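Descriptive analysis of the structure
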Amino acid sequence: MKDRYGIILAAGQGSRMKSKLYKVLHPIAGKPMVEHVISQVEAVDPSEIVTIVGCGAEKVKSLLGTRCSYVLQEQQKGTGHAVLQAKKLLKNKIGTTLVICGDTPLLTTATLEKLFEYHQEKDAKATILTAVTENPTGYGRVIRDELGIVEKIVEEKDASLQEKLVKEINTGTYCFDNQLLFEALEKVGTANAQGEYYLTDVIGILKRSGAIVAAYRMPDFSESLGVNDRLALAEANQIMRTRINDKHMLNGVSIIDPNTTYIDSDVIIGTDTVIEPGVFLKGNTVIGEDCLIGAHSEIIDSAIFDRVKITSSHIQGAVVGNDSDIGPFGRLRPETKLGEHVHVGNFVEIKKSTIDDGTKVGHLTYVGDASLGKQINVGCGTVFVNYDGKEKHHTTVGDNSFIGCNTNLIAPLSIGESSFVAAGSTITRNVPKEAMAIARTKQINKEEYAKKLPYSS
Ligand code: UD1
Ligand code: CA
């Protein structure tokens, strides 16, 4: 097999997006577009990938890191000018160069592989990846002669009325003989409607020089979608999400309503887990087997182990151990770690805390900056008072303790194991193990006094 190279075009501003964020950084299923593209390119195993950066160069570079090398296109003078910038890195290489746009995130590795195969089969010097669509508006058209042989690509803005009727479009993805590509690019001019150096002109130039130019027409147009504006961004997201949901369902995950389930690209889900409608699973989330992710839950960058039940809850940057349950209306904030068989009930917020096996925090409670041991019962309305207005302080609660309802635990504080804190206490001093702490004013009963109160007539 000849050596393969990849060039990703990612220097444009993407003015049609009308955004402060550079186009190729807009997310599709939670991941910037250009990251989808580089992953697909990596999978065809090129010996080198060069990304052309310009607008937002530093941001693109810090996103892709060492996955590719970079050249800077200082001024965006068109796609041909962009590819030409890679000449200094690639001009002496012998092999096939894949050129792909940073704004076509739906193209799959399988399609790129077929493009390479077709290119080789036809012994072509350039092969265009094309697709057919009923609405080709905005794309370059592939112009063929009467015999069906590719002649050139014409951009929408330069196309004649006749050419505009052509429904075969250029996806912006190509295989080129590396050295001929850079030779031909030197001949590209700017005599067109946009005054730009078009990469697409290379096709006509190579054709006229007598080289074999081919076009591989892929069956599924939707894969080729170029994201130029927010409408296409929404469409691309929808297509990607359908793909992701289908993959999980085929792997043994039940999704009750795929139309309202939003799962980011890198999320992993175990078999026999059931996902109810309105769920968002984002970022680097991993979910185990036999879980129930109930309606309207949002889980971000978290690890959920097996047999966990989550109902209408918000979980971010947290770990939830086997057989635990959260919600309805629970909130786990970053750096929270729950052990096994932990119960977190309704209207409970937990922040930067660890809660060990079998502990129950059932209702209306805030746990912040705390370490709770095993088999503890935290009563309704407990507040771990972690903030003094200036600094955050830590609370520790030992195994088998009981914290009564409506208790304030003023940190820093340590509650020993098997201790008992009476309901309604405000605890400001450490509680030794096996002690009972009670800190509330004593009750007074005034005999017959209720009768004197205004409301009792
Ligand atoms: C391009 C093709 C068009 C094709 C379409 C497919 C050309 C002239 N036209 O049009 O035939 O149907 O893609 O989606 O190639 N870029 C740079 N530097 C530049 C200009 C663009 O790096 O100076 C990058 C952009 O960041 C983008 C990609 O090249 O990732 C494509 O540019 P864009 O302006 O979106 O091209 P289209 O008009 O969509
Ligand atoms: Ca485009």
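Scope of this entry: the structure provided in the associated data block. (Residues numbered from 1 in each chain as written. Chains lettered and ligands numbered in written order. Predicted model: local features only at pLDDT ≥ 70, side-chain atom pairs only at ≥ 80, totals over all residues. Heavy atoms only, no water.)

**Quick word on the overall build of the protein**
Short version of the rule: What counts as a helix is a DSSP run of H or I of at least four residues, what counts as a strand is a run of E of at least two, and both are numbered from the N terminus. Any residue under 20% of the maximum accessible area for its type is buried, any over 50% is exposed, and the rest in between are partly exposed; the area is computed with a 1.4 Å probe on protein chains only. Contacts are assigned to residue pairs with any non-hydrogen atoms lying within 4.5 Å of each other. Surface accessibility in these figures is a Shrake-Rupley result with a 1.4 Å probe; residues are shielded only by whichever protein chains are displayed.
Along the protein, the regular secondary structure elements total 9 helices and 39 strands. Across its three principal directions, the C-alpha atoms of the protein cover 110 × 45 × 45 Å. Counting every position in the protein, which comprises 457 residues, the buried fraction comes to 50%. Counting contacts in the protein only where the partners sit at least 6 residues apart, residues at least 24 apart contribute 41% of the total. When the accessible area of the protein is evaluated, it comes to approximately 21900 Å², of which 51% is carbon and sulfur surface.

**A closer look at the site of ligand 1**
As a reminder of what qualifies: Any residue with a heavy atom lying within 4 Å of a molecule or strand is counted as near it. Polar contact is defined as a pair of N or O atoms within 3.5 Å, subject to the rule that within protein one atom must be able to donate a hydrogen and the other to accept it, and that residues adjacent in sequence are counted only when both atoms are side-chain atoms. Think of a 1 Å grid over just the protein atoms. A cavity is a set of points where a 1.4 Å probe fits yet cannot get out, a pocket is an open set with protein on both sides within 12 Å along at least five of seven lines, and lining residues have an atom within 4 Å of a point. Being in a pocket or cavity means that more than half of the molecule's atoms lie within 2 Å of its grid points. Basically, the charged four are Asp, Glu, Lys and Arg, the nonpolar ten are Ala, Val, Leu, Ile, Met, Phe, Trp, Tyr, Cys and Pro, and anything else, Gly included, counts as polar.
In the region of ligand 1, 24 residues are neighbours, and Gln 73, Gly 78, Thr 79, Glu 155 and Asn 170 sit closest. Between an oxygen atom of ligand 1 and a main-chain N or O atom of Ala 11, the distance comes to 2.9 Å. In this structure, Gly 12 approaches ligand 1 through a main-chain N or O atom, which is 2.9 Å from an oxygen atom. About the coverage of ligand 1: the protein hides 90% of its 760 Å² of free accessible area. Among the cavities detected, the one that contains ligand 1 is the largest pocket. Within the residue set of the shell around ligand 1, elements represented by two or more residues are β1 (4-10), α3 (79-84) and β10 (168-177). Of the residues in the shell around ligand 1, the class split is 7 nonpolar, 12 polar and 5 charged.

**Observations regarding the side chain of Asn 237**
Summarising the element assignment, Asn 237 is placed in helix α9 (residues 230-250). In this structure the side chain of Asn 237 is engaged in a polar contact, spanning 2.7 Å, whose partner is the backbone nitrogen of Ala 29. Those residues in contact with Asn 237 that sit more than four places away from it in its chain are Pro 27, Ile 28 and Ala 29.

**A look at unusual backbone geometry**
Of note, the amide linkage connecting Gly 327 to Pro 328 takes the cis form, showing an omega dihedral of 5°. Mapped onto the elements, Pro 328 comes out in the loop between β24 (325-326) and β25 (330-332). Residue Ala 411 is joined to Pro 412 through a cis peptide bond whose omega torsion reads 5°. Tracing the backbone through its elements, the reader meets Pro 412 in the loop between β35 (408-410) and β36 (413-415). At Ser 312, a residue that is not glycine, the phi angle is positive and equals roughly 40°. Tracing the backbone through its elements, the reader meets Ser 312 in the loop between β21 (309-310) and β22 (314-316). Located in the positive-phi region is Ser 418, a residue other than glycine, with phi close to 55°. On the secondary structure map, Ser 418 appears in the loop between β36 and β37 (420-421).

**What about the coordination of the calcium ion (ligand 2)?**
Applied cut-off: Note that water is not among the atoms considered, so a metal site may appear incomplete; the donors listed are N, O and S atoms within 2.8 Å of the metal, with 3.2 Å applied to Na, K and Ca.
Every protein donor of the calcium ion (ligand 2) is listed here as Asp 103 (OD) and Asn 228 (OD1), and their distances to the metal cover 2.3 to 2.4 Å. With a gap of 125 residues between them, Asp 103 in the loop between β6 (96-101) and α5 (109-121) and Asn 228 in the loop between β11 (213-217) and α9 connect regions that are remote in the sequence. In this structure, Asp 103 and Asn 228 share a single accessibility class: buried.

**Details of the packing of helix α7 (residues 178-185) against helix α8 (residues 201-208)**
This is how the line gets drawn: The angle between two axes is taken between their N-to-C directions and runs from 0 to 180 degrees, where each axis is a line fitted to C-alpha atoms and a helix contributes only its stretch in contact. An angle below 35 degrees is read as roughly parallel, one above 145 as roughly antiparallel, one from 65 to 115 as roughly perpendicular, and any other as oblique.
Relative to each other, α7 and α8 sit at 105°, their axes nearing to 9 Å. Taken together, the axes of α7 and α8 are roughly perpendicular relative to one another. Along the contact surface, α7 presents Leu 180, Leu 181, Ala 184 and Leu 185, while α8 presents Val 202, Ile 205 and Leu 206. Classifying every residue of the contact of α7 with α8 gives 7 nonpolar, no polar and no charged.

**Section: the packing of aromatic side chains**
Our working definition: In this analysis, rings of Phe, Tyr and Trp, with Trp reduced to its six-membered ring, are considered paired at centre separations within 6.5 Å, and the interplanar angle assigns stacked below 30 degrees, edge-to-face beyond 60, and tilted for intermediate values.
Here the structure, examined in full by the defined rule, presents 6 aromatic pairs. Taking 5.4 Å as the distance between ring centres and 45° as the angle between the ring planes, the aromatic pair formed by Tyr 118 and Tyr 216 counts as tilted. Of this pair, Tyr 118 sits in helix α5 while Tyr 216 sits in strand β11; the two residues are 98 residues apart in sequence, bridging distant segments of the chain. With centroids separated by 5.4 Å and ring planes inclined at 20°, the aromatic side chains of Phe 329 and Phe 347 adopt a geometry described as stacked.

**A word on the pairing of strand β4 (residues 48-53)**
The cut-off we apply is this: In this scheme, strands are said to pair when DSSP sees at least two bridges between them. Whether a crossover is right-handed comes down to one check: with the strands pointing away from the viewer, does the path from the first strand over the helix to the second run clockwise; if it does, it is right-handed.
Here β4 lies mainly inside the structure; 5 of its 6 residues are buried. Sheet topology places β1 next to β4; 6 bridges connect them, and they run parallel. Across the sheet, residue Gly 6 finds its bridge partner in β4, namely Ile 49. In this sheet, strand β5 (residues 69-72) lies alongside β4 in parallel orientation, the contact comprising 4 bridges. Note on β5: the bridge partner recorded for Thr 51 is Tyr 70. For the crossover that starts at β4, traverses helix α2 (residues 57-64) and ends in the parallel β5, the hand is right-handed.

**With respect to the pattern of salt bridges**
So the rule is basically this: For salt bridges, the criterion is a side-chain nitrogen of Lys or Arg within 4 Å of an Asp or Glu carboxyl oxygen.
By the definition in use, this model includes 20 salt bridges. In this structure, the salt-bridge partner of Arg 67 is Glu 42, at a minimum N-O distance of 2.8 Å. Pair noted here: Arg 67 is in the loop between α2 and β5 and Glu 42 is in helix α1 (residues 33-42), with a separation of 25 residues, a long-range link. Look at Arg 67 and you get partly exposed, because its relative accessible area is 30%. For Glu 42, a relative accessible area of 29% gives the class partly exposed. Residue Lys 152 is joined to Glu 163 by a salt bridge in which the shortest nitrogen-to-oxygen separation is 3.7 Å. Of the two residues, Lys 152 is situated in strand β9 (residues 150-154) and Glu 163 in helix α6 (residues 161-164); the sequence distance between them amounts to 11 residues. Judged by relative accessible area, which is 34%, Lys 152 ranks as partly exposed. Overlapping salt bridges bring together Glu 35, Glu 42 and Arg 67 as one network.

Read these as layout, nothing more, since geometry by itself doesn't imply function.
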